[in-house]
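Here is what each chain is made of, one letter per residue.
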Amino acid sequence: MTGRFETLIYTDCREGQGLRGAPGLQFQSRSAGADRGAESVVQRNLLYEPPPRWMRERRPVSAYPVSFAHVWDGLLATAMGVYLGRESVGGREGNQLTHAVVTGDPASYGLVRPAQLFEAPFWTTEPAAGTRCPPLEAGWQPGSFGAAEAQAFVRAAADGDNLLTALLSTLLNADGPGRRILFVAPEPAVVLRWVTAVTLLLPQQEALRIGFKVFTLDPAYAPQRILAVHPDWAGPAAGLDNDQGYLVVDLVRHAWSRSVEDPAARRWTELFLTEDPLDVVDAVEVAAASGLSGEAGMAVALAAILHRRPGRPEVGRLVTWLREGPPSLVRRYGGGIVDLLVEAADQWPAAVLRDLDRASRAVTFPHRGVAVRAALIDAERREALATGRVLAEPAPPAPDGWSGVEEARAVAPLAEALRAARPARFDALLRLCGRFGLRPFVADLRPGVERFVLDWADHPEHPYQPQLWACAEEILRVLRHELGQRLTAEPQIAETLGDQWWDVLLREPMRLEQPLDAAVVAAALRHLPPPQQYDLIEQCLRTALQARHQVAMVNRTAAVIWTGRPVNLAEADLLRRMLPPRAPLDPRIFADLGAAVLGYRADPEYVEAVRALAAHGLWVVPPEVDRAVQGHLALSAVLDQVLSVRPDVGILNLAAVRVPPPLVDARMPELCEAIVGAPMAAAAFAVLTHAPQLTEACSRKLRGELMANSRPAHVALAFVLVNVERQSAEMAAMIQAGTHAELDRQVRVVVARCSQKRLDEMTTQVDGVGPMWSARWKALVRSTRRGLFRRLRPDGR
């Protein structure tokens, strides 16, 4: 739809006829909305240029060609000019009339290119009746040369496709932004047909900016991009071999100067000459409005208007455009583009269809998501079969309209591929089904599923991830059956099989009456960290308590869990919490716990576990285990007293008597640490009297302590050990000679050098061991310190 223009007429006027009032060439008339600015634009750019030589030769008016020009110079203006001959006053040659239309709104042209206004019915060659002429109202009609006529014209021209390509390449700046076009022609019509043809292949807004002038006397002074000169006044610039920066198109000889061809220009030309020309013009507009440049914009336009499928290099950008392009264009053309891409879905990479799947969810493309999702699944199926690659993340939710019928159609080719697939591809197809939430019937997948399970059972190292599969439970059920049969045939492989499969087959609930589940749970308890072990044990016990034959199932479950591993305290507490009291379990369940306690190196929590189980009546503890437990308890009491700052030596002695020698040997490092660290020498010595086998080890450790410090308890204990033969020949015999001598030396050095306060503290520690040690200690102190004082006297006496 065309819009409104202001109009102006420029010609030679008699006095009072023109806008200036005086006679001469001037604007004779203008519409009410035209102003001085419009006059200036027309006068600078569009006026008819009579050739001086022809005027001198007084050629007939009919010999002069009309002129036609257009410019964007702040305003848009298009004008037609004619030669009128003599001036109205004076009789000189050079009178002309230029009729111009002017607007500030590009929309006034509608979709009409300015060159199409040539021969339009609204042009006048006569002055107006007065100085005020009417505007050109909306709804005006251009000339008769439209897109169809332009196509026929170029087709008919010799080498027309190459000339149109050269013209368009120049306007697309293939030769650089400064090059202009210069036609040489005797008549304006043929020039304007070429200008129309080439500007139809430019977006309307760009075409409006490209000025032209047909004809001009001196191209160098004309600002327009496209110019034309008559052969009679063509100057040096019109030479093909010396084009002076123009693409010279000589329409007399039908030749033109060399130019650089733009690939886009060539393609638009070919389309214009082979397709519906109006569709191609629309495509040019869409390409410009798409927001994309070059091949990408052209791909959008050709897909939207001409329904041309893009090439693989362009399809990704086209799909991106569907998500990010101008909303109005996407709403108008996007649905058709989606349909076009889906029709050729087998030609596109899966990544493109994934983007298309996301794009098709927009409200812009109603009812197309189902077709796109089906195409995407098919593309990913082909990709999975070819490469084994499948995205791990779940696909977006199925689009609106996706029903059981569509799912069945999507599953059918996948099931066919699964039936024939080798194991690695079978896994990929299962992951693909899982990604899209598709669930083929496992019974329909034979022989592929059987081949896959047999291969997997032979190769447990395959890094399959069943959590990504569809039908994972059904596939694992088939695997369990196969492994169960193998375990039945070879029971001795239970531990190996469990270690291989526990992380795949662990499930809830585990039924430990089944050998395979028992092997899996036993292996899981070997491999899981403690918190997860505890959770698994609780789960298995809960399942057993729900069984029909509860007692038998609980015993079976406990036997699986604690065969080869002792019950720890947390597990014993769990048993107490979950099982009824005074209902003993099979004692064989606790064999490893009993062995751990009898081994005397047991963690103290095993001792507490035995006590907890016995207190709840879940285990009738064997006498030997009970004795070992009592020994561990006695040892704990000994350690408590030894490390106390106020030990009860009586309690300590009673407890020490009950600690069996093997337990002392097993816990020797811990006992030695406690003895040497005892705050009171009396408690430390009391332990040694009951466990003399600790004497040498404690003496050596004590030597190291005395080298670093002289704690009173250390000194007192060392003194007692040096003189221990007075009380225990057995203990004395156990101290090696070197250890004895070094301890004696260290005690004497400390006594000789320490302060009186420190010495008093040592004396208190020695007295605490017993009165029998006090006299010898005093003698040692007296002799050692007297010798020190004698050495310090000046006279040496």
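The model shown is predicted, which means the values in this text are computed figures rather than measured ones.

Scoring rules and cut-offs
Residues numbered from 1 in each chain as written. Predicted model: local features only at pLDDT ≥ 70, side-chain atom pairs only at ≥ 80, totals over all residues. Heavy atoms only, no water. 1 Å grid on protein atoms, 1.4 Å probe; cavity = no way out; pocket = protein on both sides within 12 Å on 5 of 7 lines; lining within 4 Å. Points joined across faces, edges and corners; volume = space filled by probe spheres on them. Helix = DSSP H or I, 4+ residues; strand = E, 2+ residues; numbered from the N terminus. Salt bridge = Lys/Arg side-chain N within 4 Å of Asp/Glu carboxyl O. Buried < 20%, exposed > 50% of the residue type's maximum accessible area, 1.4 Å probe, protein only. Core = buried A, V, L, I, M, F, W, Y, C linked by side-chain atoms within 4.5 Å. Contact = heavy atoms within 4.5 Å.

Q: Help me understand the layout of surface pockets, please; the structure alone is not making it clear to me.
A: Empty pockets left among the atoms are what a rolling probe the size of a water molecule brings to light. Estimated volume of the largest pocket: approximately 310 Å³. Along the wall of the largest pocket there are 17 residues; nearest its centre are Ala518, Ala519, Ala522, Arg526 and Val560. At the level of secondary structure, the elements contributing two or more residues to the lining of the largest pocket comprise helix H18 (494-505), helix H19 (515-527) and helix H21 (550-562). Of the volumes computed, that of the second largest pocket is approximately 260 Å³.

Q: Would you mind going over the pattern of salt bridges with me for this structure?
A: Where charged atoms from two side chains of opposite charge approach closely, those side chains can pair. Within the structure shown, the criterion is met by 45 salt bridges. Measuring nitrogen to oxygen at the nearest pair gives 3.0 Å for the salt bridge that ties Glu474 to Arg439. On the criterion of sequence distance, the pair formed by Glu474 in helix H17 (residues 472-489) and Arg439 in the loop between helix H15 (423-436) and helix H16 (448-458) is long-range, its members being 35 residues apart. Under the relative-accessibility criterion, Arg439 is labelled partly exposed at 49%. Between Glu450 and Arg446 there is a salt bridge, with its nearest N and O atoms 2.9 Å apart. Residue classification places Glu450 among the partly exposed positions, given a relative accessible area of 37%.

Q: What am I meant to see in unusual backbone geometry here?
A: Across residues other than glycine, the phi torsion is negative in most instances, and most of the peptide bonds are trans. Cis geometry is adopted by the peptide bond preceding Phe215, which originates at Val214 and carries an omega value of 10°. Summarising the element assignment, Phe215 is placed in the loop between strand S7 (212-214) and strand S8 (226-229). For the bond running from Arg446 to Pro447, omega is 5°, close enough to zero to count as cis. By the secondary structure assignment, Pro447 is in the loop between H15 and H16. Residues other than glycine seldom take positive phi values, yet His307 does so here, at roughly 55°. By secondary structure assignment, the location of His307 is in the loop between helix H9 (294-305) and helix H10 (312-324).

Q: Is there a simple way to think about the nonpolar core in this case?
A: Counting 257 residues, the largest nonpolar core has Phe183, Trp194, Trp268, Leu694 and Trp777 as its most contacted members. Apart from the residues within four sequence positions on either side, Leu694 is in contact with Val664, Met668, Leu671, Cys672, Ile675, Val687 and Leu688. Grouped together as the second largest cluster of nonpolar side chains are 15 residues, Ala38, Val71, Ala100 and Val102 included.

Take it as geometry only, folks, not as evidence of what the structure does.
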